[in-house]
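In case you want the letters, here they are:
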Amino acid sequence: MRAPSRGFTLIEVIIALAILAIALAATGRATHGTADSSAALKTKLFAGWVAQNRLAELQLADKLPDKGERSGEAEQGALRYLWKESVTQTKNAAILRVEISVSGANAPDYVAARLVGYLTDVPAISASAAGTPNPDNQPNPADPNNPAT
């Protein structure tokens, strides 16, 4: 009588290799998808920062921008971005609406971030006029409740 042979048959080896190939392909696809998602998230994050920086520049300017559309370039995180802004009038004559769209320089048709803000030239309310206590505890001569006036 012949002793049963030890080891794997050719069909068992082929099936094992096929399972291994499928598992490795799925792992590679998942890794590639994660890397793509990470790059897209980085692009959107930096584009949002470019839009916020542009709006802050407009808010800190000495005068309100002219109505209309403008575009420019910015660099964030060693990447180049293109921004477009549109300044329009709101129903309130003292307030302007600003819409800023940002796209990567390598994909100018894809808007990675969009930000809408509002600008006004109305001065901010001072702390004493807003009813907040004076930090120096000095009476405010302009305050109607000041007993010294």
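Residues numbered from 1 in each chain as written. Predicted model: local features only at pLDDT ≥ 70, side-chain atom pairs only at ≥ 80, totals over all residues. Heavy atoms only, no water.

Visitor: Describe in detail the nonpolar core, supporting the description with residues and values.
Guide: Of all hydrophobic cores here, the largest spans 16 residues; its most connected members are A47, Y81, V98, I100, V102 and L119. Of all the secondary-structure elements, those providing two or more residues to this core are α1 (10-60), β2 (79-89), β3 (95-104) and β4 (111-120). Here the element with the most residues in this core is α1; it accounts for six residues. Those residues within four positions of I100 in sequence are excluded, and the remaining contacts are A51, R54, L55, W83, K84, E85, A113, R114 and L115. (Core = buried A, V, L, I, M, F, W, Y, C linked by side-chain atoms within 4.5 Å. Buried < 20%, exposed > 50% of the residue type's maximum accessible area, 1.4 Å probe, protein only. Helix = DSSP H or I, 4+ residues; strand = E, 2+ residues; numbered from the N terminus. Contact = heavy atoms within 4.5 Å.)

Visitor: I'd like to hear about a nonpolar patch on the surface, residue by residue, with values.
Guide: Together, F8, V13, L17, L20 and L24 give the surface a local cluster of nonpolar side chains, amounting to about 540 Å² of exposed area. Owing to a relative accessible area of 46%, L20 belongs among the partly exposed residues under this scheme. (Patch = residues over 30% accessible without salt bridge, like charges linked within 9 Å, V, L, I, M, F, W, Y side chains within 5 Å. Areas by Shrake-Rupley, 256 points an atom, 1.4 Å probe, with all protein chains shown as cover. Salt bridge = Lys/Arg side-chain N within 4 Å of Asp/Glu carboxyl O.)

Visitor: An account of the packing of aromatic side chains is requested, with residue identities and associated values reported.
Guide: Enumeration over the complete set of coordinates arrives at one aromatic pair. Aromatic pair F46 and W49: ring centres 5.3 Å apart, planes at 35°, arrangement tilted. Note that F46 and W49 are positioned in helix α1 at a spacing of three residues, about one turn of the helix. A residue is classified by how much of its surface remains accessible, and F46, at 13% relative accessible area, is buried. (Phe/Tyr/Trp six-rings, centres within 6.5 Å; stacked < 30°, edge-to-face > 60°.)

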